[in-house]
Amino acid sequence: MIKNFKWLLLVSLTFVACSTDDESVDPSSSDGSPLTAGTADFSKYVALGDSFAAGFSDNALFIEGQNGAYPNILAQQFSLVGGGAFTTPLMSDNVGGFLGSTTYTPRLYLAPPTTPTGSPSPSSVALPPYSQFASTNQATILTGPFNNMGIPGAKCIHLDYPGYGSSMGNPYFARFASNPMATIVDDAVAQNPTFFSLWIGGNDELGYATAGGDATVNPLTPTATFDGAYNSLISKLTAGGRKGVIANLPYATSLPYFYVIKYNQLTQDNLTVNGVNQVGTLNASLYGPLHNALAYLGQGDRINLLSTTGNNPMLMKDETLDDLSTLLTQVLMGGGVSQPMASALGAIFGQARQTKSTDLICLSASSRIGKAPTTALDGVVSPSTSLNQLGVTFPMPDRYILIPTEVAEIKTATDAYNTTIETAAANNNLAIYDARETMTQLSTKGIYSNGYTLTSKYVSGGAFSLDGVHPSPRGYALIANEFIKAINAKYGSNLKGVSLYDYRIMFPPVL
């Protein structure tokens, strides 16, 4: 009886001990301990950055996207440990874009296939001129201040650029700047924040990358310029010992934007008109003569005959090639081509070649392949009305294609930007989120969380929206969680983050 009594007492004590431990576990924290902000003070949080901080998605800024921006998700978690109100300069609708604008356009959605055998494809929720759909007026000034100061299109230097909030500056910031000559960082600091986040620099590389490495469209920011601008921002934001979290930069060329359109995008169907395959005609009238003339000049590998069975590469301009315009014209004339046509061919194909597997094709090329080039859209026109199909009979201009040397150039610049960012984090004792590593994982093995594996694959990967650059709602939730991990590690907080299950991977046509 005594042994049995001792055994029962032991069981009873064990049960009590387990019950006590269970009651002490806080399911809302990352480690089960009571929630704490650690050494951070989240009572007044401001977020600075670009379109990622703003919640840009599906090629537009709209209310639902803004609500799911990573700073908004962070603020929700901060509120559990003393974080205060977090305000956002919301757009007026869920269409996106500005009233009457053809530059800032409505969001994309995945449209159903137009044929029984077709596939869904991105489409706009509205058509030009947009004024009957978009309701956000660029001229309407909002009453601030606002905690979320993410500005679509902003580069590093723009965050401290007087006049960026004027009518001649950025329309997103102009809506809520304290005055037209105010700067983003000064408006942020004027709020006396206790904690900040800064993720900037993406557009310093991305603008150049999405312009196909064409500096006349959007130049790559010089590293010295970035370094000076970034350190100036950090100096203002950390004044008085203010705490915060910053993030480094992924390589822009790892985004799905560059992997949707393939180098051999021209299928046999693409090259068939009214049921008649045009490959034979193109080879006889264009590709054959060009190949022979270029071969005579020792450059025959630039343009080869089209395949009659498989996919084919596109024609493109490569500004790194020797310009053979004059010599090509002379060789073609010597081969019997008329002077006007030989001159046109020489001018068009002097620096042309076919795309290779090492080239990255911008998603923006998808709407231009096979179309006639225009100055407004493509920066070039054809001197010949018979040679006016982009990628087929006329080279795709530089703005649509990244060649290997440009990819390397972007990587070098990004590495330099990241050195600046990581040094700033170390010198100012700030938390830093390794966004480059997140993108590496998404583009290789994927990231598993809450029962989902997210990858960078366009549409089906779940992490990115239809513009191929900006995250999906679930992608933004993932980013917020990664920011939280960095904050916890630096400041001893134990915020849990959010469940990816609660965030959709795609916005529906109607919101």
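In every chain, residue numbers begin from 1 and rise along the written sequence. A pLDDT threshold of at least 70 governs which residues receive local features in this predicted model, and a stricter bar of 80 or more applies before side-chain atom pairs are shown or counted, although totals over entire chains, interfaces and linings include all residues. The basis for every side-chain value is the complete set of non-hydrogen atoms in the structure, without hydrogens or water.

1. With respect to the overall build of the protein
Every helix listed is a DSSP run of H or I at least four residues long, and every strand listed is a run of E at least two residues long, numbered separately from the N terminus. Within the protein, the secondary structure is distributed over 15 helices and 15 strands. Per-residue accessibility, obtained with a 1.4 Å probe over protein chains only, is compared with the maximum for each type, and a residue is labelled buried under 20%, exposed over 50%, and partly exposed between these values. Per-residue burial for the protein yields a buried fraction of 50% across its 511 residues. Here a residue-residue contact requires only that any non-hydrogen atoms of the pair lie within 4.5 Å. Taking the intrachain contacts of the protein between residues at least 6 apart in sequence as the baseline, contacts between residues at least 24 apart amount to 72%. Of the accessible surface of the protein, which amounts to about 22600 Å², a share of 57% is contributed by carbon and sulfur atoms. Only four residue types enter the charge count: Lys and Arg as positive, Asp and Glu as negative, with His and the chain ends excluded. By convention, the charge on Lys lies at NZ, on Arg at CZ, on Asp at CG and on Glu at CD. For the protein, the centre of its 26 positive side-chain charges and the centre of its 35 negative side-chain charges are spaced 5 Å apart. Methods summary: accessible areas were calculated by the Shrake-Rupley approach with a probe of 1.4 Å, and residue burial reflects only the protein chains presented.

2. As for the nonpolar core
Judged by nonpolar contacts, the single largest core of 130 residues is most densely connected at Tyr70, Leu198, Trp199, Tyr230 and Phe349. Broken down by element, this core gets its largest block of residues, 10 residues, from helix α15 (residues 473–491). Beyond its immediate stretch of four places on either side in the chain, tyrosine 230 contacts Cys156, Leu198, Ile200, Ile246, Thr420, Ile421 and Ala424. Among buried residues, those of type Ala, Val, Leu, Ile, Met, Phe, Trp, Tyr and Cys that are joined through side-chain atoms within 4.5 Å constitute a nonpolar core.

3. Brief notes about the packing of aromatic side chains
Classification of ring pairs rests on two measures: the distance between centres of Phe, Tyr or Trp rings, Trp counted by its six-membered ring, which must be within 6.5 Å, and the angle between planes, read as stacked under 30 degrees, edge-to-face over 60 and tilted in between. Per the counting criterion, the structure on display carries 24 aromatic pairs. On the numbers, 6.2 Å between centres and 75° between planes, the contact of phenylalanine 52 with tyrosine 476 is edge-to-face. Here phenylalanine 52 is found in helix α2 (residues 51–54), whereas its partner tyrosine 476 is found in helix α15, with 424 residues between them in sequence. Residue classification places phenylalanine 52 among the buried positions, given a relative accessible area of 16%. What makes tyrosine 476 buried here is its relative accessible area of 1%. Seen from their ring centres, phenylalanine 146 and phenylalanine 176 are 5.6 Å apart, and the 85° between their planes marks the pair as edge-to-face. Placement of the pair is phenylalanine 146 in the loop between β3 (121–124) and β4 (148–150) and phenylalanine 176 in the loop between α5 (171–174) and α6 (184–189), with a sequence separation of 30 residues. In this pair, the class of phenylalanine 146 matches that of phenylalanine 176, namely buried. Of the aromatic side chains, those joined through ring pairs into one cluster are Phe42, Tyr45, Phe78, Phe86, Phe195 and Tyr491. Should the NZ of a Lys or the CZ of an Arg lie within 6 Å of a ring centre and within 35 degrees of the ring normal, that charge is described as sitting over the ring. The residue whose ring lies beneath arginine 107 is phenylalanine 62, and the NZ or CZ to ring-centre distance is 5.3 Å. Here the guanidinium or amino end of arginine 474 rests over the ring plane of tyrosine 452, the centre of that ring lying 3.9 Å away.

4. A word on the sheet that holds strand β13 (residues 431–433)
Strands are labelled as partners when DSSP assigns at least two bridges between them. Here 5 strands make up an open sheet; going across it, the order is β4-β1-β5-β6-β13 and the pairing parallel. Only two strands of the sheet have a single partner each, and these edge strands are β4 and β13. Across the sheet, the axes of successive neighbouring strands diverge by a mean angle of 15°, strand direction being ignored. Looking at chain direction, strand β1 (residues 45–49) and β4 are connected through 3 bridges and run parallel. Of the residues in β4, the one forming a bridge with glycine 49 is glycine 150. Angular values range over 0 to 180 degrees, each being the angle between N-to-C directions of two axes fitted as lines to C-alpha atoms, with helices fitted over their stretch in contact. Strand contacts of α15: β5 (195–199), β6 (243–247) and β13, with the helix running at about 150° to β13, the strand carrying the most contacts.

5. A short note on the pattern of salt bridges
By definition here, a salt bridge exists when the distance from a side-chain nitrogen of Lys or Arg to a carboxyl oxygen of Asp or Glu is within 4 Å. In total, this model carries 9 salt bridges according to the counting rule given. Here aspartate 415 and lysine 411 are joined by a salt bridge, their closest N and O atoms 3.0 Å apart. Note that aspartate 415 and lysine 411 are positioned in helix α13 (residues 404–427) at a spacing of 4 residues, about one turn of the helix. Its relative accessible area of 25% is what places aspartate 415 among the partly exposed residues. Connected through salt bridges with shared partners, the residues Lys411, Asp415, Glu422 and Arg436 form a single ionic network.

6. Re unusual backbone geometry
Of the consecutive residues glycine 144 and proline 145, the connecting peptide bond is found in the cis state with omega at 0°. In this structure, proline 145 sits in the loop between β3 and β4. In this model, asparagine 59 sits at a positive phi of 70°, which is unusual for a non-glycine residue. Along the chain, the position of asparagine 59 falls in the loop between α2 and α3 (63–67). With a phi close to 55°, asparagine 450 is a non-glycine residue in the positive phi region. Mapped onto the elements of the fold, asparagine 450 is located in the loop between β14 (447–449) and β15 (452–454). Look at asparagine 450 and you get partly exposed, because its relative accessible area is 40%.

7. As for the side chain of threonine 420
Locating threonine 420 in the fold gives a position in helix α13. Once residues lying within four places of it in the same chain are set aside, the contact partners of threonine 420 are Phe226, Asp227, Tyr230 and Asn231.

8. Details of the environment of histidine 291
Relative to the helices and strands, histidine 291 resides in helix α9 (residues 279–296). A relative accessible area of 22% means that histidine 291 is categorised as partly exposed. Measuring from C-alpha to C-alpha, the distance between histidine 291 and glutamine 268 comes to 20 Å, with 23 residues separating the pair along the chain. Excluding residues that lie within four positions of it along the chain, histidine 291 makes contacts with Gly300, Ile303 and Asn304.

9. A word on the side chain of threonine 438
Mapped onto the fold, threonine 438 is located in helix α14 (residues 435–443). In this structure threonine 438 touches Tyr433, Ile447, Leu478 and Glu482, once residues within four positions along its chain are discounted.

10. Notes on the confidence of the model for the protein
The predictor attaches a confidence to each residue, and that confidence, scored 0 to 100, is pLDDT. Residues at a pLDDT of 70 or more form 94% of the protein, whose mean pLDDT is 92. Ignoring residues within four places in sequence, the model shows residues 1–22, a span with pLDDT below 50, making 0 contacts including any to other chains.

11. Details of the packing of α9 against helix α10 (residues 325–334)
Contact geometry for α9 and α10: axes closest at 9 Å, N-to-C directions at 115°. The angle between α9 and α10 places the two elements in the roughly perpendicular class. Relative to α10, the crossing made by α9 is right-handed. For the pair α9 and α10, the contacting residues are Pro289, Leu290, Ala293, Leu294 and Tyr296 in the first and Leu328, Val331 and Leu332 in the second. Side-chain classes follow a simple rule in which Ala, Val, Leu, Ile, Met, Phe, Trp, Tyr, Cys and Pro form the nonpolar group, Asp, Glu, Lys and Arg form the charged group, and the remainder, Gly included, forms the polar group. Along the lines of polarity and charge, the residues of the contact of α9 with α10 split into 8 nonpolar, no polar and no charged. Oblique is the label for every angle not falling under 35 degrees (roughly parallel), over 145 degrees (roughly antiparallel), or within 65 to 115 degrees (roughly perpendicular). By definition, turning the near helix anticlockwise from the far helix through less than a right angle yields a left-handed crossing, and turning it clockwise yields a right-handed one.

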